[in-house]
Amino acid sequence: MNDSREIRLEDSWKQALADEFTAEYMHQLRGFLLEQKRAGKRIFPPGDEIFSALDYTSIEKTKVVILGQDPYHGIDQAHGLCFSVKPGIDVPPSLGNIYKELHADVGFNSPSHGCLSYWARQGVLLLNAVLTVEAHKAGSHQGKGWERFTDKIVDVLNRKKQGLVFLLWGSYAQKKGAMIDRARHLVLQSPHPSPLSASRGFFGNKHFSLTNEYLIKRGAKPIDWQLPEQVELDG
């Protein structure tokens, strides 16, 4: 979408979203991103990582959905998985708080990195509502079309799947997840893990153990939340 490297997208999502990629709003979104690039603006994540969440986690494999808002806007932070950063990048504050809750909830030991690709490989769809951002300008690509695209992703999962766990942290994610059928899926809500709100109910939400209890009850394999020190980044 915004550079020359090849976009990677897993086949089931390509098929499910085919109509979105040919829609007028997506044509306009492509034009906006090209215009930004021509103007010399730096866009994150790189073009081949914009759809990383979908490339790592097929529709069939998806068990859990974590909804974020925007990609990180710092240099080299965003790589297409919400809340995640590549090895070698400092763990952002919200992710640090996620690690704290994981430790309290399931005895998680924090790794030396902030890369969540191990979760994505197990079926945790790490989806931001907006998939690109301009460097150092939080929220700069909101309202350009990404929200419609990611609403469609949530809609596909809501209709095609049963027994998913949606983790909705903060009012933005909860509003986006309002369409989810609570009779078909488990929806867990709490304040956002941001330092501004984590102490108001994110800490102590036990979402990680509750997720696994639900999956086990349904006969599904639970998520191994413990992140290994060695990171594999290819989808």
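About the cut-offs
- Residues numbered from 1 in each chain as written.
- Predicted model: local features only at pLDDT ≥ 70, side-chain atom pairs only at ≥ 80, totals over all residues.
- Heavy atoms only, no water.
- Helix = DSSP H or I, 4+ residues; strand = E, 2+ residues; numbered from the N terminus.
- Buried < 20%, exposed > 50% of the residue type's maximum accessible area, 1.4 Å probe, protein only.
- Contact = heavy atoms within 4.5 Å.
- Pairing = 2+ DSSP bridges.
- Axes fitted to C-alpha atoms, helices over the stretch in contact; angles between N-to-C directions.
- Right-handed = clockwise from strand over helix to strand, strands pointing away.
- Polar contact = N/O pair within 3.5 Å; in protein donor to acceptor, adjacent residues only side chain to side chain.

Asker: Explain the side chain of serine 117 here, please?
Answerer: If you trace the backbone, serine 117 turns up in helix 6 (residues 117-122). Since its relative accessible area comes to 4%, serine 117 is described here as buried. Ignoring anything within four residues of it in the chain, the contact list for serine 117 reads Tyr56, Leu81, Val231, Glu232 and Leu233.

Asker: Honestly, the sheet that holds strand 3 (residues 124-128) in this entry has me stumped. Any pointers?
Answerer: Backbone-to-backbone hydrogen bonds pair the strands of a sheet. The strands run either parallel or antiparallel. Read from one edge to the other, the open sheet built from four strands follows the order 3-2-5-6, with strand pairing classed as parallel. Every interior strand has two partners, whereas the edge strands, strand 3 and strand 6 (186-190), have only one. Taking each pair of neighbouring strands and ignoring which way they run, the sheet shows an average axis angle of 20 degrees. In terms of strand pairing, strand 2 (residues 64-68) meets strand 5 (residues 165-169) through four bridges, oriented parallel. When the sheet's bridge partners are listed, valine 65 is paired in strand 5 with phenylalanine 166.

Asker: Looking at this structure, I do not really get the pairing of strand 5. What am I missing?
Answerer: Along a regular strand, successive side chains alternate from one face of the sheet to the other. Most of strand 5 is tucked away, with five of its five residues classed as buried. Going residue by residue along strand 5, you find Val165, Leu167 and Trp169 tucked away on one face and Phe166 and Leu168 tucked away on the opposite face as well. Direction of pairing for strand 5 relative to strand 6: parallel, over a ladder of five bridges. Across the sheet, leucine 167 pairs through a bridge with leucine 188, a residue of strand 6. Running through helix 8 (residues 171-176), the crossover from strand 5 to the neighbouring parallel element strand 6 is right-handed.

Asker: Help me understand the side chain of histidine 207 in this model?
Answerer: By the element assignment, histidine 207 lies in helix 9 (residues 207-217). In this structure the side chain of histidine 207 is engaged in a polar contact, spanning 2.9 Å, whose partner is the side chain of tryptophan 169. When sequence neighbours within four positions are dropped, the list of residues in contact with histidine 207 reads Asp105, Leu167, Trp169, Leu188, Gln189 and Ser190.

Asker: Just checking my understanding: could you explain unusual backbone geometry for this structure?
Answerer: Glycine aside, residues mostly have negative phi angles, and peptide bonds mostly take the trans form. For the bond from phenylalanine 44 to proline 45, the omega torsion is -10 degrees, close enough to zero to count as cis. Within the secondary structure, proline 45 sits in the loop between strand 1 (43-44) and helix 4 (52-56). In this structure, phenylalanine 83 is a non-glycine residue whose phi angle is positive, near 70 degrees. Note that phenylalanine 83 resides in the loop between strand 2 and helix 5 (93-106). Of note in the backbone geometry, histidine 136 takes a positive phi value of approximately 65 degrees without being a glycine. Tracing the chain through its elements places histidine 136 in the loop between strand 4 (133-134) and helix 7 (146-160).

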